[in-house]
Structure formats: C-alpha cells, structure tokens
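# Per-entry structural report
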Amino acid sequence: MSSNNKFVLDANVFIEAYNRYYSFDIAPSFWNALFEHAKSGNIISIDRVKQEINNFHKDDELSKWINNNFAQWFEPTDKEEVIYTYRKIITWAVNQNQYLDIAKNDFASVADSWLVAFAKTYNFIVVTHEQFNADIKKRIPIPNVCREFNVQYVNTFEMLRRLNIKLG
C-alpha cells in the first residue's frame, strides 16, 4: 500500500466541512466526491480519525455518514510498520524542548501522531487544516511533524485541486 498521490484525511477535514463550508445540505457533491475518490483508491483515513469523529459527533449526520458511507476506508493503524514509525515520531516529540509536556501528552493520545505515522509509512499525503507554526508550545501541529519527517501535507482545497474535483 504505497502511493505518490494518495491522501489520508485528518478528522478536521470531515468536521470543518460538516460544520462550516460543505455541510450535507449545502454541498452534497463534496461528500459524493470523497466517497467516489475513496472507492477509486485516492482518499482514505485511519481508524483513529473515525474514533475521534464518533466520540465527538455522536449520532449526528456526520457520524452517520462516516459509519454508513465511508467506514471501509478507515485503515487500521495497528500494523507493525505503522507502530514502528509512530514510535519514532513520539520519540522525536518527547525530545523536543519547544513543546510543553501537556502538548506532548496530548499529541501521543490523539489521532494526529498516528496519521503522520501512517502517511510516512505508506507515502501518503496528509490532508489537514492545521498550519505550520514554528513558535507554538501548547500543542504539536501536524504540519510541524510532517516537515520534520518529510511527509507532504495539504489542506482540503489543495487536495480537491490535485484530484481535479469540481463541486457544482
């Protein structure tokens, strides 16, 4: 499972689209595009992202869509090669003096660290709305880790452009 132009989605891609600019009633074509590109192998996410969405969006329209339409495209993170990369990423994070201990603990407990580990292991592009921040201390942004580990990252809009998705 490797790719040069496949995307692995962060929870905030689903959540922000649902809450803001691509809600189901405004832009069903966005959700259809995610589904179609998942079917064709261009888009996936990971089990821990699904878990985060289900924990914070219990029984709403987003969690129902995730579980009824996208469930099969959440890849497991319990594979030996992903765990190996995850350990390297966590070791790096723990050894960074820039970040507060609470940021390090949080990073180790959420899907973000696993998302980067999965992308690094299989050469996927991370899709997130988080921004690189060289000075941040209270959290560890996905782009900061991606830069350190040579993992490409883009936001939702760049992914849509690269996949030539036109919403209309």
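Residues numbered from 1 in each chain as written. Predicted model: local features only at pLDDT ≥ 70, side-chain atom pairs only at ≥ 80, totals over all residues. Heavy atoms only, no water.

Our next topic: the overall build of the chain. Looking only at helices and strands, the chain features 9 helices and 5 strands. Ordered by position in the sequence, the α and β elements of the chain form the string β-α-α-β-α-α-β-α-α-α-β-α-β-α. C-alpha atoms of the chain, sized along the principal axes, occupy 45 × 30 × 25 Å. Looking at the chain as a whole, 49% of its 168 residues are labelled buried. Across the chain, the fraction of contacts at a sequence separation of at least 24, relative to all contacts at a separation of at least 6, is 78%. Surface summary for the chain: the accessible area is close to 8700 Å², and the carbon and sulfur share equals 44%. (Helix = DSSP H or I, 4+ residues; strand = E, 2+ residues; numbered from the N terminus. Buried < 20%, exposed > 50% of the residue type's maximum accessible area, 1.4 Å probe, protein only. Contact = heavy atoms within 4.5 Å. Areas by Shrake-Rupley, 256 points an atom, 1.4 Å probe, with all protein chains shown as cover.)

Below, the discussion takes up the pattern of salt bridges. Counting across every chain of the model gives 4 salt bridges. Ionic pairing is found between R20 and E16, a salt bridge with its closest N-O pair at 3.5 Å. On the criterion of helical spacing, the pair formed by R20 and E16 is a turn pair, its members being 4 residues apart in helix α1 (residues 11–21). Exposure remark for R20: the relative accessible area of 57% places this residue in the exposed category. Taking the shortest distance from any N to any O, the salt bridge between E130 and R139 comes out at 3.0 Å. Assessed through its relative accessible area of 13%, E130 is described here as buried. (Salt bridge = Lys/Arg side-chain N within 4 Å of Asp/Glu carboxyl O.)

This next bit is on the environment of R147. Structurally, the position occupied by R147 is in helix α8 (residues 142–148). Residue class for R147 comes out partly exposed when judged on its relative accessible area of 47%. Spatially, the C-alpha atoms of R147 and F132 are 8.5 Å apart, while their sequence positions differ by 15 residues.

This part covers the packing of helix α2 (residues 28–39) against helix α4 (residues 61–70). In the contact formed by α2 and α4, the axes pass within 11 Å of each other and the chain directions differ by 30°. Taken together, the axes of α2 and α4 lie roughly parallel to each other. Between α2 and α4 lies a crossing of right-handed hand. Listed contacts from α4 to W31, L34, F35 and A38 of α2 are L62, W65, N69 and F70. (Axes fitted to C-alpha atoms, helices over the stretch in contact; angles between N-to-C directions. Parallel < 35°, antiparallel > 145°, perpendicular 65-115°, else oblique. Left-handed = near helix turned anticlockwise from the far one by under 90°.)

The next thing to look at is the sheet that holds strand β4 (residues 125–127). Taking strand neighbours across the sheet as the criterion, the 5 strands line up as β3-β2-β1-β4-β5 in an open arrangement whose pairing is parallel. For this open sheet the edge positions go to β3 (74–75) and β5 (153–154), each flanked by a neighbour on one side alone. By the bridge criterion, 3 bridges tie strand β1 (residues 7–9) to β4 in an arrangement that is parallel. Its bridge partner lying in β4, V8 is registered against V126. (Pairing = 2+ DSSP bridges.)

What follows concerns helix α6 (residues 101–109). Buried within α6 are the following residues: A103, K104 and F107. Taken down its axis, α6 places every buried residue within 100° of arc, on the same side. Pointing more than 90 degrees away from the buried face of α6 are the exposed residues D101, I102, N105 and S109. Structurally, α6 contributes buried residues whose contacts are with α5 (80–94), α7 (111–122) and α8. (Arc of directions from axis to C-beta.)

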